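Descriptive structure summary
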There are 2 protein chains.
Amino acid sequence: MVVKRLQIIPVEVIVRNLAAGGMAKKLGLKEGTPLSKPVVEYCLKSDALSDPMINDDHIEVLELATKEEMKIIKDTALKINEVLKIFFRERELNLMDFKLEFGKFNGKVILGDEISPDTCRLWDIKTGERLDKDRFRRDLGSVEESYQEVLKRVTGMIN
Amino acid sequence: MVVKRLQIIPVEVIVRNLAAGGMAKKLGLKEGTPLSKPVVEYCLKSDALSDPMINDDHIEVLELATKEEMKIIKDTALKINEVLKIFFRERELNLMDFKLEFGKFNGKVILGDEISPDTCRLWDIKTGERLDKDRFRRDLGSVEESYQEVLKRVTGMIN
């Protein structure tokens, strides 16, 4: 494994398959509402500004990334979503949404992020139980057990 | 003049030429910062949800408008901006930003809104004085005088 130091693009990319978290609240949707197609959102990475949602025009005028780079980023995020959605569905988990970050290395856009229950929302496909970051964010308890359950399902199918 | 009852599309369309108001605050920009190209933003028209900013994907999954309708809306908003920007510049006013609403009539997308100092931000091009809704929104006084000044400049050039 080679670790590369990226020039991080300060945009959080969120892909959503079902409404949950911030989107559900903002748009007045019940958490768990299926979306007819994946929704991609961008947020400016800025603690001082509380990571505000931005759009392609903001990204362009703030010179965070070029139009061409954003096309690569959106296409890549949607491809990753298709792979992950199936991967988790086979493990009886609904991939509600997840966050990605990208960076540039030698001028090329590449993915620069982990994929884990800290960056994905995962709900048990049958019971709707939350097995992700919301367990501690919302103080639901059984944080470690939930992460272990995800690990078991993920590694159990791979081995 | 014919008044048509539109089926309003519940999306506020905001076009910005210089950062001001909500965008400046959200992105930590100084009000009056020029933008390298016009920025278009969409908000869901919902008092209950405080008109949250949305993007094209949200508009599609919420079925507020089709992709084709949104293309017409964005193109039209940018064309209106080009006309208004020049119109106001000739009257020594900077068109900072403005809001539009669209509707459908017999299946066709048409503009359904007024254009006034209530829906536009207008700053005097030389002094930067605000001659718009921010006079009362921000309690700056001289509301009537400012609106009269805009009226004078607008009608003075037309007559």
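Residues numbered from 1 in each chain as written. Chains lettered and ligands numbered in written order. Predicted model: local features only at pLDDT ≥ 70, side-chain atom pairs only at ≥ 80, totals over all residues. Heavy atoms only, no water.

1. Focus on the overall build of chain A
For chain A, the count of helices and strands is five helices and six strands. Walking chain A from its N terminus toward its C terminus, one meets helices and strands in the order β-α-β-β-α-α-β-β-β-α-α. Scaling as 2.2 N^0.38, a compact globule of 159 residues should have a C-alpha radius of gyration of about 15 Å, and chain A matches this with 16 Å. Principal axes of the C-alpha set define a box for chain A whose edges measure 45 × 40 × 30 Å. Buried residues in chain A amount to 46% of all 159 residues. Across chain A, the fraction of contacts at a sequence separation of at least 24, relative to all contacts at a separation of at least 6, is 56%. Roughly 8,600 Å² of accessible area belongs to chain A as shown, and the carbon and sulfur atoms make up 54% of that amount. (Helix = DSSP H or I, 4+ residues; strand = E, 2+ residues; numbered from the N terminus. Rg over C-alpha atoms; globule rule 2.2 N^0.38 Å. Buried < 20%, exposed > 50% of the residue type's maximum accessible area, 1.4 Å probe, protein only. Contact = heavy atoms within 4.5 Å. Areas by Shrake-Rupley, 256 points an atom, 1.4 Å probe, with all protein chains shown as cover.)

2. Focus: the interface of chain A and chain B
Facing 25 residues of chain A, the contacting portion of chain B comprises 25 residues. In total, about 2,100 Å² of surface goes out of reach between chain A and chain B, with carbon and sulfur atoms giving 63% of it. Its largest share of buried area at the contact with chain B, chain A owes to A:Leu27, A:Asp57 and A:Val61, together 27% of the area lost on that side. Notably, a salt bridge pairs A:Asp57 with B:Lys37, separated by 3.2 Å at the nearest N-O pair. Viewed at the interface, chain B and chain A are joined by 14 residue pairs in polar contact (both at pLDDT 80 or more). Elements with a contribution of two residues or more to the side of chain A that touches chain B: helix 1 (21–27), strand 2 (34–44), strand 3 (53–54) and helix 2 (56–61) of chain A. In terms of residue count, the dominant contributor to the side of chain A that touches chain B is strand 2 of chain A (eight residues). (Buried area = accessible area lost by both parts, 1.4 Å probe. Salt bridge = Lys/Arg side-chain N within 4 Å of Asp/Glu carboxyl O. Polar contact = N/O pair within 3.5 Å; in protein donor to acceptor, adjacent residues only side chain to side chain.)

3. Describing the relation of the copies chain A and chain B
At an RMSD of 0.0 Å, chain A and chain B line up after a rotation of 180° and a shift of 0.0 Å along the axis. Classification of the inter-copy transformation places it as that of a two-fold axis. Closest to the rotation axis within chain A is the C-alpha of A:Asn55, separated from it by 3.4 Å. In this assembly, 100% of the residues forming the interface of chain A have copies in chain B that are likewise at the interface, indicating an isologous arrangement. (Least-squares fit on C-alpha atoms with pLDDT ≥ 70 in both.)

4. Some points on helix 3 (residues 67–89) of chain A
Side chains three or four residues apart in an α-helix point the same way, a direct result of the helix having 3.6 residues per turn. Between the first and last C-alpha of helix 3 of chain A there are 33 Å, a value that for 23 residues agrees with the 33 Å anticipated at 1.5 Å per step. Considered for burial, the residues of helix 3 of chain A that qualify are A:Glu69, A:Met70, A:Ile73, A:Ala77, A:Ile80, A:Asn81, A:Leu84, A:Lys85 and A:Phe88. (Expected span 1.5 Å × (residues − 1).)

5. Notes on the packing of aromatic side chains
To describe a pair of aromatic rings, you give the distance between the ring centres and the angle between the ring planes. All names here are of chain A. Counted under the stated rule, the structure contains two aromatic pairs over all chains. Measuring from ring centre to ring centre gives 5.3 Å for Phe 87 and Phe 88, while their planes differ by 85°; the resulting arrangement is edge-to-face. We classify Phe 87 as partly exposed; its relative accessible area is 25%. Between the NZ or CZ atom of Arg 91 and the centre of the ring of Phe 87, over which it lies, the distance is 3.8 Å. (Phe/Tyr/Trp six-rings, centres within 6.5 Å; stacked < 30°, edge-to-face > 60°. Lys NZ or Arg CZ within 6 Å of the ring centre and 35° of its normal.)

6. Side note on unusual backbone geometry
Phi is mostly negative for residues that are not glycine, and the peptide bonds are mostly trans. At B:Ser50, a residue that is not glycine, the phi angle is positive and equals roughly 60°. Along the chain, B:Ser50 turns up in the loop between strand 2 (34–44) and strand 3 (53–54).

7. With respect to the pairing of strand 4 (residues 93–105) of chain B
Here is the key point about a regular strand: its side chains alternate between the two faces of the sheet. All names here are of chain B. By the criterion of burial, strand 4 is predominantly enclosed, with 10 of the 13 residues buried. As defined by bridge partners, strand 1 (residues 7–18) adjoins strand 4 across seven bridges and the pair is classed as antiparallel. Bridge pairing in strand 4 links Gln 7 to Lys 104. Note: strand 4 against strand 6 (residues 120–124), five bridges, orientation antiparallel. Residue pairing for strand 6: Leu 93 is matched across the bridge by Asp 124. Two elements, strand 4 and strand 5 (residues 108–111), share four bridges in a ladder whose sense is antiparallel. Bridging from a neighbouring strand, Lys 104 pairs with Val 109 of strand 5. In textbook terms, the turn of a hairpin is the stretch between consecutive antiparallel strands, and for strand 4 and strand 5 this stretch comprises two residues, one of which, Asn 106, has a positive phi near 50°. (Pairing = 2+ DSSP bridges.)

8. Topic: the environment of B:Ile8
With respect to the helices, strands and loops of the structure, B:Ile8 is situated in strand 1. Those residues within four positions of B:Ile8 in sequence are excluded, and the remaining contacts are B:Lys45, B:Phe102, B:Gly103 and B:Gly112.

9. Here's the deal with the pattern of salt bridges
It is possible for side chains bearing opposite charge to pair when their charged atoms get close. For the structure on display, the rule yields 43 salt bridges over all chains. In this structure, B:Glu101 engages B:Lys45 in a salt bridge whose closest nitrogen and oxygen atoms are separated by 3.0 Å. One end of the pair, B:Glu101, is in strand 4; the other, B:Lys45, is in the loop between strand 2 and strand 3, and 56 residues separate them in sequence. A relative accessible area of 9% places B:Glu101 in the buried class. For B:Lys45, a relative accessible area of 32% corresponds to the partly exposed category. Sharing partners across several salt bridges, the network here consists of A:Arg16, A:Glu31, A:Glu41, A:Asp97, A:Arg121, A:Arg130, A:Asp134 and A:Arg138.

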